[in-house]
Amino acid sequence: MDNTGKTNSGKAAKWDASRIPDLTGRTAVVTGANSGIGLAAAAALARAGAHVVFAVRDLERGRAAAARAGGSTEVRRLDLADLASVREFAAGWDGPLDLLVNNAGVMMLPEGRTRDGFETQLGTNHLGHFALTNLLLPHITDRVVTVSSGAHRMGDGYIHFENLNLDGIYGPQRAYSQSKLANLLFTLELQRRLADSGSRVRALAAHPGWAATNLQSHTANPVGRALMAVGNRLVAQDDKAGALPTLYASTQDLPGASYVGPSGLGEMRGAPTLVGRSAEASDVAAAERLWTVSEELTGVRFPVGVGA
């Protein structure tokens, strides 16, 4: 491949981590960076020269992961299921932050609550990242990338605003899908607010397709776990390939609110490209309503003076 991104045959090469630009002098935070696509993304950013902060619940596991990643890294504790931990992490931040990757997540768990009383999947996957992003936003200089999922099209396909905790109707898939739809609506409204404030910071989203990680092993249904294990062997791509959409969204010149996923059949695997989303994930009224509700629940608001 030559420096134009083409192979010797003249065809455009598929984008991969070798085409990440030099990130020397830049700082990134990756939540959930101790395993899976989070670790793969953090390691690739570090190899490209970025200083990468592994934001993780378990410091010991985070330090082991950072050591494997190499490059310039550090590890800081962050529990997205605990708003006190989110506030502590943000309060300890000093200086510019070029890139925030909202990667951490839980998937199809039994019904439960976060420390603050939110349904676990919505509380961790959306509300924790919502609070973290807004608290760090005065420091962010380039972009916020939030990891969603093709599962945002599944479940009921909408946000249960009158029953966000899904009391009486809880299902692991329903809750997971709601949280991943929330990730896309959050990105949509964050980008609108950034643009309206005159900020050059961009909000983007990505999904990994079907990536074989340890996330599936934590699902509530043993039959579902068995089916996913089979799918991991037959269909899935590995965590490094699953991280490529995140890395593409994190380093390429893309419009705000872009959504990146695999280019293959069903967006299951393949090189990263811009992909579509459900009509519900493009609903600006729902995005604004979710933002308002998220502010009320977390007590965290879009910071005044961003972009000034």
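These numbers come from a predicted model, not from an experiment.

## What about unusual backbone geometry?
Alright, step 1. At M108, a position not held by glycine, the phi torsion is positive, near 50°.
Alright, step 2. Judged by relative accessible area, which is 11%, M108 ranks as buried.
Alright, step 3. Phi angles above zero are rare outside glycine, and L166 is one such case at about 60°.

## Brief notes about the packing of aromatic side chains
Alright, step 1. Counted by the stated rule, this structure contains six aromatic pairs.
Alright, step 2. Measuring from centroid to centroid gives 6.4 Å for F89 and W93, while their planes differ by 25°, and the two rings are stacked. Just as F89 is buried, W93 falls in that class too.
Alright, step 3. When the ring of F186 is compared with that of W291, the centres are 5.7 Å apart and the planes differ by 15°; the resulting orientation is stacked. Note that F186 is positioned in helix α5 (residues 172-196) and W291 in helix α9 (residues 284-298), a separation of 105 residues in sequence. An identical accessibility class is assigned to F186 and W291; each is buried.
Alright, step 4. An aromatic cluster is present here, built from F130, F186, W291 and F302 joined pairwise through their rings.

## Some remarks on the pairing of strand β3 (residues 72-77)
Alright, step 1. Both strand β2 (residues 51-56) and β3 contribute to a ladder of six bridges, which runs parallel. Considered in β3, the bridge of F54 is made with V75.
Alright, step 2. Of the crossover connections in this fold, the one passing from β2 over helix α2 (residues 59-69) to the parallel β3 is right-handed.

## Focus on the environment of R68
Alright, step 1. Position of R68 among the secondary structure elements: in helix α2.
Alright, step 2. Between the alpha carbons of R68 and A43 there is a distance of 8.2 Å; along the sequence they are 25 residues apart.
Alright, step 3. If we ignore the near neighbours within four places in the chain, the residues touching R68 are N34 and L39.

## Some remarks on the side chain of N183
Alright, step 1. With respect to the helices and strands, N183 occurs in helix α5.
Alright, step 2. Of the residues examined, N183 reaches a relative accessible area of 1% and is grouped as buried.
Alright, step 3. A distance of 2.9 Å separates polar atoms of two side chains, one belonging to N183 and the other to K180.
Alright, step 4. The contacts of N183, once residues within four sequence positions are left out, are N125, H126, T146, V147 and S148.

## Quick look at the nonpolar core
Alright, step 1. With 37 residues, the main nonpolar core has I20, V30, L45, V52, F54 and L247 as its most contacted residues.
Alright, step 2. Among the secondary structure elements, those contributing two or more residues to this core are β1 (27-31), α1 (36-47), β2, α2, β4 (97-102), β5 (140-147), β6 (202-206) and α8 (244-251).
Alright, step 3. Of all the elements, α1 adds the most residues to this core, at nine residues.
Alright, step 4. What F54 contacts, discounting residues up to four positions off in sequence, is V30, A33, L39, A42, G62, A65, A66, A69, T73, E74, V75 and R76.
Alright, step 5. Of all hydrophobic cores here, the second largest spans 31 residues; its members include L78, L100, V144 and A203.

## Considerations on the sheet that holds strand β7 (residues 259-262)
Alright, step 1. The eight strands are arranged β3-β2-β1-β4-β5-β6-β7-β8 in an open sheet whose pairing can be described as mixed. Here the strands that pair on one side only, and so sit at the sheet edges, are β3 and β8 (272-274). Going from strand to strand, the sheet's axes swing by 25° on average, the running direction of each strand aside.
Alright, step 2. Across three bridges, β1 lies against β4 in parallel orientation. Directly across from V30, in β4, lies its bridge partner V101.
Alright, step 3. Contacting β1, β2 and β3, helix α3 (residues 83-91) runs over the sheet at an angle of about 140° to β3.
Alright, step 4. Most of the contacts of helix α4 (residues 120-136) go to β4, to which it runs at about 175°, and overall it touches β1, β4 and β5.

## A word on α9
Alright, step 1. Between the first and last C-alpha of α9 there are 21 Å, a value that for 15 residues agrees with the 21 Å anticipated at 1.5 Å per step.
Alright, step 2. Within α9 the residues assigned to the buried category are A286, A287, L290, W291, V293, S294, E295 and T298.
Alright, step 3. Packing partners of the buried residues in α9 comprise α3, α4 and α5.
Alright, step 4. Measuring from the side-chain oxygen of the N-cap residue of α9 to the backbone nitrogen of A285 gives 3.0 Å; that N-cap residue is D283.
Alright, step 5. Immediately downstream of α9, the backbone of G299 shows phi near 75°, a positive value.

## A look at the side chain of D98
Alright, step 1. Its location among the elements puts D98 in strand β4.
Alright, step 2. Although buried, D98 forms no salt bridge, and the nearest oppositely charged side chain, R26, lies 4.0 Å from it.
Alright, step 3. When near neighbours in sequence (up to four residues on either side) are disregarded, D98 contacts G25, R26, T27, I140, T141, D142 and R143.

Rules used in this analysis
- Residues numbered from 1 in each chain as written.
- Predicted model: local features only at pLDDT ≥ 70, side-chain atom pairs only at ≥ 80, totals over all residues.
- Heavy atoms only, no water.
- Buried < 20%, exposed > 50% of the residue type's maximum accessible area, 1.4 Å probe, protein only.
- Phe/Tyr/Trp six-rings, centres within 6.5 Å; stacked < 30°, edge-to-face > 60°.
- Helix = DSSP H or I, 4+ residues; strand = E, 2+ residues; numbered from the N terminus.
- Pairing = 2+ DSSP bridges.
- Right-handed = clockwise from strand over helix to strand, strands pointing away.
- Contact = heavy atoms within 4.5 Å.
- Polar contact = N/O pair within 3.5 Å; in protein donor to acceptor, adjacent residues only side chain to side chain.
- Core = buried A, V, L, I, M, F, W, Y, C linked by side-chain atoms within 4.5 Å.
- Axes fitted to C-alpha atoms, helices over the stretch in contact; angles between N-to-C directions.
- Expected span 1.5 Å × (residues − 1).
- Lys, Arg positive; Asp, Glu negative; His and termini not counted.
- Salt bridge = Lys/Arg side-chain N within 4 Å of Asp/Glu carboxyl O.

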